[in-house]
Amino acid sequence: MKRLVKRAFRYRFYPTEEQAAELLRTFGCVRKVYNLALQARVEAWAQHGERIGYDATSALLTAWKRTEELAFLKEVSAVPLQQALRHLQMAFARFLAKRSRHPRFKSRKRSRASAEYTRSAFRWRDGRLTLAKMAGPLDIRWSRPLPEGAEPSTVTVSLDSAGRWFVSLLCEDPGVTPLPGVDAVVGIDVGLHHLLVLSTGEKIGNPRHERRDRAALARAQRSLCRKQKGGSNRAKARVAVARLHARIADRRSDFLHKVTTRLVRENQTLVIEDLAVSNMLRNHHLARAIGDAGWRQFRQMLEYKAGWYGRQVITVDRWFPSSKLCSACGVCVAELPLHVRVWTCDCGTTHDRDVNAARNILAAGLAASVCGAGGRPQRSIPGGQPATKQKPCGASRGNLLVRERE
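Think of each chain on its own: its residues are numbered from 1, step by step along the sequence as written. Residues qualify for local features only when their pLDDT is at least 70, as the model is predicted, and side-chain atom pairs are given and counted only at 80 or more; totals for whole chains, interfaces and linings, by contrast, use all residues. Side-chain calculation: all heavy atoms of the structure are included, whereas hydrogens and water are not.

### Let's talk about the overall build of the protein chain
Counting from the N terminus, the helices are DSSP H or I runs at least four residues long and the strands are E runs at least two residues long. A count of helices and strands for the protein chain gives 11 helices and 14 strands. Along the first, second and third principal axes, the C-alpha set of the protein chain runs to 80 × 50 × 50 Å. Taking all 406 residues of the protein chain together, the buried fraction comes to 42%. Counted over contacts in the protein chain with a minimum sequence separation of 6, partners at least 24 positions apart contribute 71%. Working definition: with a 1.4 Å probe on protein chains only, accessible area under 20% of the residue-type maximum means buried, over 50% means exposed, and in between means partly exposed. The contact definition used throughout considers only heavy atoms, calling two residues in contact when any of these lie within 4.5 Å.

Written as structure tokens, this is what we have:
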């Protein structure tokens, strides 16, 4: 049975000079409104202990447009400005729910340049997209077709640091069909030497995308440092560095898409560790390698694809001793230094460190999905939605499942 799913389809486009000027002006106004609204909310709380929401900032936006200093806000479409206020409201909602940090002011140089248009601010006819305040449609490169009969509900235009223009069309895709059920389950252990190690014994190598271009990136960055600040040559050198970073990111994303799609197609249940990647990036000796591996991006792709195609993702607590636990007898060794890749348990079983960890992750995840935290039965997540973090039921129960399968 097909499932209705909201999907964003991203394409490159090439604006005319007039369109580029209008979009750049819109980006600047969006950033200005966001910063003004953030400042107003911060001051209201600091001075009066008052929390103001979207309605109050929307009224402030109307007042700002009437002032002589901010009259330029009336020159662009009002919809992206209102959407910026909604984004700020959602950012505060996440902050108050302790799911993110306090919203920060947007920088002209470091923040992502983007603007969001809703249905009232664009025209979609015969596969041609025309934004508000523009006379003609965008020159979009349709690298893949939109779903049949789908029409965009939201359009987001962005400009990356490499000078590439993108348009993202949010559509309701009625053609997402859940995959037929399979009996296969897999535990996944992420690493640096091998990007993924599966409980089946398979190891997927780490392509190390950044290392391939490290020399070229170093040359480009040295060239950038020699350029005079504020000059046109420095701007060109900055774009050259950004293009190298974009190429690395594109290769990483393409590889992760292929790997996650294959895993979701082949397995009904996928068990992973709930790693604190942000904390791990504080290790300056491993931060570059961890960032290049893309562990967080891998998990995000795995979870939303599992939700689309009727699979289940289970996360195991990050403190579960997956590497030090013998998957055969259940004994946990006291110490296992990182340089030890193969070790032998007292029961006589020789383990590959990463394969053993993947098998223990699988066992703990299956035990948690059946028993729940504290050994209580837990309801399975319907519709193949990603599972929330669950505490493993313990080493003995997890290893019992491993012994039963063997």
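### Focus on helix α3 (residues 78–96)
Counted at 1.5 Å a residue, the expected span for α3 with its 19 residues is 27 Å, and the 28 Å between its end C-alpha atoms agrees. In this fold, the buried residues of α3 make contact with α1 (17–48), α2 (54–65) and β2 (113–118). Each residue after the first adds 1.5 Å to the expected span of a helix.

### Quick notes on the UniProt feature "domain: Probable transposase IS891/IS1136/IS1341" (unreviewed entry) in the protein chain
UniProt positions are given in the numbering used here, feature names are shortened, and annotations may be inferred rather than shown by experiment. Feature annotation in UniProt places "domain: Probable transposase IS891/IS1136/IS1341" (unreviewed entry) on residues 177–283, given in this structure's numbering. Strand forms 18% of residues 177–283 and helix 52%; the C-alpha atoms that close the span are 42 Å apart.

### Let's talk about the pairing of strand β6 (residues 165–176)
Two strands pair when backbone bridges link them, and strand β1 (residues 3–12) and β6 are joined in this way by nine bridges, in the antiparallel orientation. When the sheet's bridge partners are listed, Ala8 is paired in β6 with Leu170. Here, a strand pair is defined by DSSP locating no fewer than two bridges between the strands. Sheet topology note: the strand β5 (residues 154–159)/β6 ladder contains six bridges and is antiparallel. For Val157, the partnering residue across the bridge sits in β6 and is Val167. In sequence, β5 turns back onto β6 through a hairpin of five residues, with Gly163 there showing a positive phi of about 85°.

### Considering the sheet that holds β5
A sheet is described by the order of its strands in space; here four strands give the open sequence β1-β6-β5-β2, paired in antiparallel fashion. The open sheet is flanked by β1 and β2, the only strands paired with a single partner. With strand direction ignored, the average angle separating the axes of adjacent strands in the sheet is 25°. For helices, the fitted line uses only the C-alpha atoms of the stretch in contact; every axis is such a line through C-alpha atoms, and the angle between N-to-C directions lies from 0 to 180 degrees.

### Some words on the nonpolar core
Considering soluble globular proteins, one finds that nonpolar side chains tend to be buried as a cluster. Judged by nonpolar contacts, the single largest core of 43 residues is most densely connected at Leu23, Tyr117, Leu129, Leu131, Val155, Val157 and Val167. Elements represented by at least two residues in this core include exactly β1, α1, α2, α3, β2, β4 (128–131), β5 and β6. Among all residues touching Leu131, those that are not within four sequence positions of it are Leu23, Tyr117, Ala121, Phe122, Leu138, Val155 and Val157. Buried residues of nine kinds, namely Ala, Val, Leu, Ile, Met, Phe, Trp, Tyr and Cys, make up a nonpolar core once their side-chain atoms join them within 4.5 Å. In this structure, Leu256, Met301, Leu302 and Ala306 belong to the second largest nonpolar core, which totals 22 residues.

### Some thoughts on the packing of aromatic side chains
The relative placement of two aromatic rings is captured by the distance of their centres and the angle of their planes. The criterion for an aromatic pair is that two Phe, Tyr or Trp rings (for Trp, the six-membered ring) have centres within 6.5 Å, with stacked assigned to planes under 30 degrees apart, edge-to-face to planes over 60 apart and tilted to the rest. In the structure shown here, the tally under the stated rule is six aromatic pairs. Taking the centre distance of 5.9 Å and the plane angle of 25° together, the rings of Phe27 and Trp165 count as stacked. Of this pair, Phe27 sits in helix α1 while Trp165 is found in strand β6, placing the two residues 138 residues apart along the sequence. Looking at Phe27, the relative accessible area reads 4%, which means it is buried. Considering the side-chain rings of Trp308 and Tyr309, the 6.2 Å spacing of their centres and the 85° angle between planes classify their relative orientation as edge-to-face. Here a set of aromatic residues connected by ring pairs shows up, and it is made of Tyr11, Trp124 and Trp142.

### A look at the domain arrangement of the protein chain
Domain boundaries shown here were taken from an automatic or database domain assignment. Looking at the protein chain, the domain boundaries give domain 1 (5–173) and domain 2 (179–206 + 263–375). Between domain 1 and domain 2, the C-alpha centre-to-centre distance is 38 Å.

### What about the pairing of strand β8 (residues 194–198)?
Most of β8 is tucked away, with five of its five residues classed as buried. Relative to β8, strand β7 (residues 185–190) runs antiparallel, the two sharing three bridges. Within β8, the residue paired with Val190 across the bridge is Leu196. Here β7 folds back onto β8 in antiparallel fashion, the turn holding three residues. Bridging between β8 and strand β9 (residues 203–205) involves three bridges; their strand directions are antiparallel.

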